[in-house]
Each structure stands twice: as structure tokens, then as C-alpha cells.
Amino acid sequence: AKHTKNEAFHFYRPVDSKESFEKLMLANDLRQAIKNNEFTLYYQPQSSLKTNKITGVEALIRWNHPQKGMISPGVFIPIAEETGLIQEIDQWVLYQACLQHKHWLDKGFPPIKIAVNLSMTQFQKKNLFEIVSKTLSKTGVSPKYIELELTESVIMENPELTLSNIKKLNSIGIQLSLDDFGTHYSSLLYLKKLPLNRLKIDKSFVLDLLNDSDDRVIIQAMINLAHNLNMTVIAEGVENQQQLSFLQKNHCDEIQGFYLSKPIPQEKFSAQCF
Ligand code: C2E
Ligand code: CA
Ligand code: CA
Ligand code: CA
């Protein structure tokens, strides 16, 4: 890229605080991060509450900054979204996740689904389907092993384009999962319209479910809603056996969370999770 720093970023607002200066610095560093191999994917297992077997894995990006050390995606993904760099990052993540899937298969491990997070801007791209299908054919991964996670905010922004993207992806067997369910403004109408395979109960409902009867009622309603709409349900943020038991009793299909495992590097996942 021949751009100068000023051209590459849309940071035309005055830098008015220490915080935005820090963001600006990170934005500049982000540009180099892919080229310099500073990103890596961690993997967190997902397990069936019926069979207790690992059924899938979520890929979560990590940034090992040369000076600042590990930076959480909660910090840099919003900056990547603001600067448009998210496109390159999410494509890198999908590609790496596909390579990893292939690698595990080649090593003789049973096939598991890999879930990849896509930012809402990705679902508003006209060529999303082409990008995804090209990545699959380049890496030789079957679409049924790839799950794309989207959030509710994506749906409201540009319903038409999002819907057509999701339909195309789903038509070739890619799984689609609604992440952070219940935390954004949602319309049940879109739940009905979209070909989603799975609903992901946000960890904020799981966190306090043992103490908060409201959370329990909401979770039960979400599970019923998903099943009645022919979707499976996964709960994220499961940290203990009591939460697991509640979810199991209420027919939640799968769980993900620290109780099973934190997100871990692929070597560790290979050694522990198959
Ligand atoms: P998310 O998609 O909702 O991912 C789940 C987050 O919950 C992860 O944080 C995970 O480490 C954390 N988590 C998992 N189990 C537990 C648990 O039992 N308890 C608690 N308290 N937390 C748990 P992480 O890895 O820091 O990612 C934060 C967010 O950054 C993700 O939230 C996602 O929105 C975004 N993100 C991560 N990787 C990517 C990526 O490759 N692309 C995009 N666009 N966004 C990503
Ligand atoms: Ca996610
Ligand atoms: Ca989530
Ligand atoms: Ca989230």
C-alpha cells in the first residue's frame, strides 16, 4: 500500500483526548499487524449437552502487539471497524480458520465445525458470498463445517442486502448463527425471515442465572423460541457445573465457556480437545 498515514484512515476529527490519541496509534499499528504476522487465532470448544462431545470450536482473534503485548479484540475490533481494516482482518480470520480445519483433518482428527465472527460491515458487502466461497474452494473446506456468527445489529442496518447474503451463504450449506442474542435491539420478524441455524444466548444472561430468576425465565424463553423456529441453541459464558445443569435441564443443545475451556492456541487445542 502506497497510502500515507493520513489517506489511509478516516480520522479527520481532532484528537482531543489521551484516549483518542491512543486509538489513533493503535489504528496505525493495526495496518502493519497482518503483514507482520501479529495476529493469531485462539480456539474455544463447544460441547453438546446430550453427548458431552465436542461438536465445534469458535475462532477468536488475538493481537500480539510488538510493544504493548496482547491486546484484546474488545479493544481493537471496534477500531478496525471504524477504519475499515476489519474487512482485511475478518478475511484473514476466515482463511486461517479454514486452513486450521484442513490441518486437523489431515492429522486424522474427526471433523469439527469452526465458527468465525464476521463484523456487520461484512454482511453489507455485495461480494461477501464470492469472498467466502473462494476461501472455501482455495482451502478445500466443505461449507458444512463453517459457521458464520453475526449479531443482531447487522440485520437492522441493511436488511435487504444482509438477507440476500445470508440466504446465498446458507444455500451452499454454510451454517449461520446469531451471536449475543438478546443484547441488541432485535426484531422477531427477522428471526423468522432469516435462514439461521443457531441462536447463541449471550453470556450476560448466563453469568447470573443462578441468582436471578429473570435471567432463568429469559433463557428458557430463548431456548423454546429457537427450537420452535427450528434452530439449535448454544449458551456462551458457561463457567460452572450449576449453570451447565440448568441449561441441560432446560434442553439447551450446546454450551461454550470457561467451564469447558478458555480460548486456547491451536497446539493446545489439538492436544486437549480431540
Ligand atoms: P464474542 O463473539 O461474543 O466472543 C465471546 C467472548 O467471550 C470471547 O472474548 C471469549 O473469550 C469470552 N468468553 C468465552 N467463555 C467465557 C466465559 O465462560 N466467561 C466469560 N466471562 N467470558 C467468556 P474475546 O475473545 O475477548 O472476544 C471479544 C469479542 O471480540 C468477541 O465477542 C467478538 O465480538 C470479537 N471478536 C473476536 N474475534 C473476532 C474476529 O475474528 N472477528 C471479529 N469481527 N470479531 C471478533
Ligand atoms: Ca462470537
Ligand atoms: Ca457472543
Ligand atoms: Ca460480544
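Rules used throughout
Residues numbered from 1 in each chain as written. Chains lettered and ligands numbered in written order. Predicted model: local features only at pLDDT ≥ 70, side-chain atom pairs only at ≥ 80, totals over all residues. Heavy atoms only, no water. Helix = DSSP H or I, 4+ residues; strand = E, 2+ residues; numbered from the N terminus. Buried < 20%, exposed > 50% of the residue type's maximum accessible area, 1.4 Å probe, protein only. Polar contact = N/O pair within 3.5 Å; in protein donor to acceptor, adjacent residues only side chain to side chain. Contact = heavy atoms within 4.5 Å. Core = buried A, V, L, I, M, F, W, Y, C linked by side-chain atoms within 4.5 Å. Donors = N, O, S within 2.8 Å, 3.2 Å for Na, K, Ca; no water. Pairing = 2+ DSSP bridges. Right-handed = clockwise from strand over helix to strand, strands pointing away. Phe/Tyr/Trp six-rings, centres within 6.5 Å; stacked < 30°, edge-to-face > 60°. Lys NZ or Arg CZ within 6 Å of the ring centre and 35° of its normal. Near = heavy atom within 4 Å. Areas by Shrake-Rupley, 256 points an atom, 1.4 Å probe, with all protein chains shown as cover.

Our next topic: the side chain of Arg198. Secondary-structure assignment places Arg198 in strand E7 (residues 198–201). Residue class for Arg198 comes out buried when judged on its relative accessible area of 1%. At 3.1 Å, the side chain of Arg198 and the side chain of Glu254 are in polar contact. Every residue in contact with Arg198, bar those within four places of it in the chain, is listed here: Gln46, Lys113, Glu147, Leu176, Ser177, Leu178, Met231, Thr232, Ile234 and Glu254.

The next point concerns the nonpolar core. Formed by 73 residues in total, the largest nonpolar core has its most connected members in Phe123 and Leu148. At eight residues, the largest contribution of residues to this core is made by helix H4 (residues 86–106). If we skip the residues at most four places from it in the chain, Leu148 touches Leu94, Val116, Leu118, Phe123, Leu169, Ile174, Gln175, Leu176 and Ser177.

As a further point, take the coordination of the calcium ion (ligand 4). Geometrically, a metal with four donors at the corners of a regular tetrahedron has ideal angles of 109.5 degrees, and one with six donors at the corners of a regular octahedron has ideal angles of 90 or 180 degrees. Taken together, Asp180 (OD) and Asp180 (OD) make up the full set of protein donors to the calcium ion (ligand 4), lying 2.7 to 3.1 Å away. The metal-metal distance between the calcium ion (ligand 4) and the calcium ion (ligand 3) is 4.0 Å, with Asp180 serving as a donor to both. With respect to the helices and strands, the residue Asp180 is situated in strand E6 (residues 175–181).

Right, let's get into the pairing of strand E8 (residues 232–235). Bridging between E7 and E8 involves four bridges; their strand directions are parallel. Across the sheet, the residue bridging to Arg198 is Thr232, located in E8. Of the pairings in the sheet, the one linking E8 to strand E9 (residues 254–256) comprises two bridges and is parallel in character. When the bridges of E9 are listed, Ala235 appears paired with Ile255. This β-α-β element, E8 to helix H12 (residues 241–249) to E9, shows right-handed connectivity.

Donor atoms from the polypeptide that coordinate the calcium ion (ligand 2) comprise Glu58 (OE), Asn117 (OD1), Glu149 (OE) and Asp179 (OD), at 2.1 to 2.3 Å from the metal. The motif formed by the donor residues of the calcium ion (ligand 2), counted along the single chain, is E-x58-N-x31-E-x29-D. For the pair the calcium ion (ligand 2) and the calcium ion (ligand 3), the metal-to-metal distance amounts to 4.0 Å, and Asp179 bridges them. Taken together, the residues span a long stretch of sequence, with Asn117 in strand E4 (residues 113–117) and Glu149 in strand E5 (residues 146–151) at a distance of 32 residues. We classify Asn117 as partly exposed; its relative accessible area is 25%.

Overall, the coordinates contain 10 aromatic pairs when judged by the stated rule. Taken together, the ring pairs connect Tyr43, Trp104, Phe109, Phe269 and Phe274 into an aromatic cluster. A cation over an aromatic ring shows up here: Lys262 above the ring of Phe258, its NZ or CZ 5.1 Å from the ring centre.

As a matter of local geometry, ligand 1 sits amid 22 residues, with Gln44, Arg62, Asp90, Glu239 and Phe258 nearest to it. Interatomic distance of 3.4 Å between a side-chain N/O atom of Glu58 and an oxygen atom of ligand 1. Asp179 places a side-chain nitrogen or oxygen 3.0 Å from an oxygen atom of ligand 1. For ligand 1, the protein covers 82% of the area, taking 790 Å² as the surface of the free molecule. Elements represented by at least two residues in the shell around ligand 1 include exactly strand E2 (54–65), helix H3 (73–83), H4 and E6.

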